[in-house]
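Here is what each chain is made of, one letter per residue.
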Amino acid sequence: MRRRALIGNWKMHKTADEAGTYIREFLPLIQNIASVDVILAPPFTSLHVVAALVKDTSIGLAGQDVHWDSQGALTGEVSPAMLYDSGCQSVIIGHSERRQMFHEDDNAVNRKVKAAIAHHLTAIMCVGETREERANGKTSDVLTRQLLAGLAGIDAIDDTQLVLAYEPIWAIGSGTPATPTQANEVHAELREHLGTLFTTAIAKSIRIVYGGSITTENIQALLATPHVDGGLVGGACLDPSNFARIVSSAAN
Ligand code: PEP
């Protein structure tokens, strides 16, 4: 049985002070929830503050991006070891905002996934199609390409090393989430590919979370489907009480 995971991606929001305020408000609200893995992905500048505050809790910490090299003349980049050292257990890789605005291609995603795993970080690898690709019947092709390219050259993997996030780009920040049926269909297909790439048992164990306009209203229906194992939440995680409500809905 796969444990549900809810990942809150703060994106470029909150100073270190604001991050501290968030965590102090959030912790008491979710302290009795043990059945869901909660992971927060603050900006790099707040990782230390959040790490210190969640240290003795079950909340996990994720980076929002990572470079594949261990060190070097790479202004503005952060290495896997730096994330690990800052208290992260995982890192979001290949978010559509990185792919679209920062021209990150499948090859870069693949290098990042491999580097994260090599440094004991769980790679939360995002895939997703545009509105146009879906309208043109290309969803399956696009997602298959992103999945195979992102995991190219990886012969063995387990559920501690990879979480897949299906994030249809048209659903992100749009207020129009995928329907539970749409999400489940895609997740089932992604899981089938994982089975072909690795083994059926591995495919069954790897969590595939959905992201795109998740709210307190739609989380339960999404999670009621067999292949949706959690959520990657953007806008709705920025308010601690709102995110806590999503977490408790997922726990019920
Ligand atoms: C995201 O950007 O990963 C995301 C899911 O955003 P939102 O929840 O705001 O749609």
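Residues numbered from 1 in each chain as written. Predicted model: local features only at pLDDT ≥ 70, side-chain atom pairs only at ≥ 80, totals over all residues. Heavy atoms only, no water.

S.K.: What am I meant to see in the layout of surface pockets here?
M.R.: Rolled over the atoms, a probe as big as a water molecule pinpoints where empty space is left. By volume, the largest pocket is sized at about 490 Å³. Lining the largest pocket are 17 residues; nearest its centre among them are Lys11, Met12, Gln64, Arg98 and Phe102. At three residues, the largest contribution of residues to the lining of the largest pocket is made by helix α4 (residues 96-101). Taken as a whole, the second largest pocket spans an internal volume of roughly 230 Å³. Lining of the second largest pocket is provided by 16 residues; of these, Asp37, Ile39, Gln89, Thr122 and Arg207 occupy positions nearest its centre. (1 Å grid on protein atoms, 1.4 Å probe; cavity = no way out; pocket = protein on both sides within 12 Å on 5 of 7 lines; lining within 4 Å. Points joined across faces, edges and corners; volume = space filled by probe spheres on them. Helix = DSSP H or I, 4+ residues; strand = E, 2+ residues; numbered from the N terminus.)

S.K.: Is there a simple way to explain the packing of helix α1 (residues 16-30) against helix α11 (residues 240-251) in this structure?
M.R.: Relative orientation and spacing of two packed helices are given, respectively, by the angle between their axes and the distance between those axes. Where α1 meets α11, the closest approach of the two axes is 9 Å, and the angle between their N-to-C directions is 30°. One way to sum up the angle between α1 and α11 is to call them roughly parallel. For the crossing formed where α1 meets α11, the hand is right-handed. Each of Tyr22, Glu25, Phe26, Leu29 and Ile30 in α1 lies in contact with α11, whose residues at this interface are Pro240, Ser241, Phe243, Ala244 and Val247. The residue inventory of the contact of α1 with α11, partitioned by class, reads eight nonpolar, one polar and one charged. (Axes fitted to C-alpha atoms, helices over the stretch in contact; angles between N-to-C directions. Parallel < 35°, antiparallel > 145°, perpendicular 65-115°, else oblique. Left-handed = near helix turned anticlockwise from the far one by under 90°. Contact = heavy atoms within 4.5 Å. Nonpolar A, V, L, I, M, F, W, Y, C, P; charged D, E, K, R; others polar.)

S.K.: Can you help me understand the packing of aromatic side chains in this one?
M.R.: Two descriptors summarise a pair of aromatic rings, namely the distance from one centre to the other and the angle between the planes of the rings. This structure, assessed with the given rule, holds four aromatic pairs. Taking 4.6 Å as the distance between ring centres and 55° as the angle between the ring planes, the aromatic pair formed by Trp10 and Tyr22 counts as tilted. A residue pair is termed long-range when its members are at least 10 positions apart, and Trp10 in the loop between β1 (4-9) and α1 and Tyr22 in helix α1 qualify at twelve residues. Of the two residues, Trp10 and Tyr22, neither departs from the other in class, the shared state being buried. Between Phe26 and Phe243, the aromatic rings sit 5.5 Å apart at their centres with planes inclined by 15°, giving stacked as the arrangement. With Phe26 in helix α1 and Phe243 in helix α11, the pair connects residues that are 217 residues apart, well separated along the chain. As far as the burial class goes, Phe26 and Phe243 line up, both buried. Of the aromatic side chains, those joined through ring pairs into one cluster are Trp10, Tyr22, Phe26 and Phe243. (Phe/Tyr/Trp six-rings, centres within 6.5 Å; stacked < 30°, edge-to-face > 60°. Buried < 20%, exposed > 50% of the residue type's maximum accessible area, 1.4 Å probe, protein only.)

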